[in-house]
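Residue-level structural notes
Single-letter residue listing:
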Amino acid sequence: MKTNTSMTKNGSEPFTRRKKPRKRYAPCEIEFVPSVDNLVEPADYNNFTQFSLNYILKEQKLVGNALFGPLFGGHQSLQERDETYYAENQTLHCGFVEGPEGHPSSGFDLDETDKAYMATCRIVVSSCIFGGSDYLRRPTKSKIGSYSKKNVCFIMFLDELTLATLSSEGHVPDENGFIGLWRIVIVKNLPYKDMRRAGKVPKFLAQRLFPSALYSIWLDSKLRLHADPMLIIEYFLWRKKAEYAISMHYDRTCVWEEVLQNKRLNKYNHTAIDEQFYFYQSDGLVKFNDSAQESVLPSYVPEGSFIVRAHTPMSNLFSCLWFNEVNRFTSRDQLSFTYTYLKLRRMNTGKLFHLNMFKDCERRAVAKLFHHRTNETTDPPPTNLRLDNTSSMPG
């Protein structure tokens, strides 16, 4: 019999394949202002596109989908979806949609005391842990100045399972509901069985959860905040004259690469990824071209774990649109970011959305990265990918 053993050059020892060394990604220096004392918003900062947004709060009829009941994202047709991309006065779907009288809540239920507290927040740092999927990581107190400790709301959204898990590990809220700087807000009746998709609600819908907020910072539960929120807002928004800031991915720049990586690691149902990807290509999504003379974005793949936002009309609209894509298709938001941005830009010639897509090393300088408590698993495919005008969104 022939043997098929690979040998070294001298033929004496079996060949062992060397593992590729893992890439290492380091933070880079950020030149923050020396202090938050006397820090004020620049006089010319708010020169952004202005229009009025209102949100659909209730759907009186569940046409064609009565068997499924109310959905948190609502029953949005493709025609309605396209119309919402215009930056103009409008009322649109943006989560928190309730059904007719007598129907149960569509989800993400909060205590009235917590809602009243959140309504007072003007500047917000928020995160979430659902399904006991992560550890509680407190902001580095020595890096947070006295002004931010007093004036910034630090909100950590938890479900009851996560609260029980953290409490068993010694993280118990005090009599005012705080664990360190985090004000703990318990979410009941999560709107999705997929915990990753449920986490997109606080990630994208800060404008709905904090109606009085001027600025918000989102960080995934795998991050620990390592810089003062006011310094972050000054550096990533005010200094760059941006209304939305998100970092580039540390390794990938093209959505095509992101699709392949999601499949290779089984991050989501492959058929669902393909349907979303083909739909986007049919609506104009093209490959990233870093050699283009005037590239629209420095990368087509974000590292979406850290987002800094001014709650301007265009920023709020983009956040609603991005959430609606995640609600309609897969929960892998890196697949829908560039499509959403380019479509918004294409449909609003002359109405700029000032987005700052910054280097990933800058994200690492302000937020320390940890591993999740549990490994990610493949999501079940959505119940129904809504590619027509009448069918329901995945719930």
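Please refer to the structure placed before this passage.
Residues numbered from 1 in each chain as written. Predicted model: local features only at pLDDT ≥ 70, side-chain atom pairs only at ≥ 80, totals over all residues. Heavy atoms only, no water.

1. Describing the packing of aromatic side chains
Within this structure, the stated rule accounts for 32 aromatic pairs. Centre to centre, the rings of Phe72 and Tyr192 are 6.2 Å apart; their planes meet at 75 degrees, and the pair counts as edge-to-face. Remark: Tyr192 occurs in the loop between strand 6 (182-186) and helix 5 (195-198) and Phe72 occurs in the loop between strand 1 (53-55) and helix 1 (78-83); sequence separation between them is 120 residues. As far as the burial class goes, Phe72 and Tyr192 line up, both buried. (Phe/Tyr/Trp six-rings, centres within 6.5 Å; stacked < 30°, edge-to-face > 60°. Helix = DSSP H or I, 4+ residues; strand = E, 2+ residues; numbered from the N terminus. Buried < 20%, exposed > 50% of the residue type's maximum accessible area, 1.4 Å probe, protein only.)

2. A look at unusual backbone geometry
Phi at Phe96 takes a positive value of approximately 60 degrees, unusual for a residue other than glycine. Locating Phe96 in the fold gives a position in the loop between strand 2 (90-92) and helix 2 (112-118). Accessibility expressed as a relative area gives 17% for Phe96, which makes it buried. Residues other than glycine seldom take positive phi values, yet Asn266 does so here, at roughly 50 degrees. Relative to the helices and strands, Asn266 is located in the loop between helix 9 (255-264) and helix 10 (270-282).

3. Some points on the pattern of salt bridges
A complete count under the given rule lists 20 salt bridges for this structure. For Arg81, the salt bridge goes to Glu325, with nearest N and O atoms at 2.8 Å. Residue Arg81 is found in helix 1, and its partner Glu325 is found in helix 11 (residues 313-328); the two are separated by 244 residues along the sequence. No difference in accessibility class separates Arg81 from Glu325, as the two residues are buried. Measuring nitrogen to oxygen at the nearest pair gives 2.8 Å for the salt bridge that ties Asp134 to Arg137. Note on Asp134: relative accessible area 0%, which makes it buried. Salt bridges sharing common partners tie together Arg81, Asp82, Asp283, Glu325, Lys343 and Arg346. (Salt bridge = Lys/Arg side-chain N within 4 Å of Asp/Glu carboxyl O.)

Function cannot be read off these values alone, since they describe shape.
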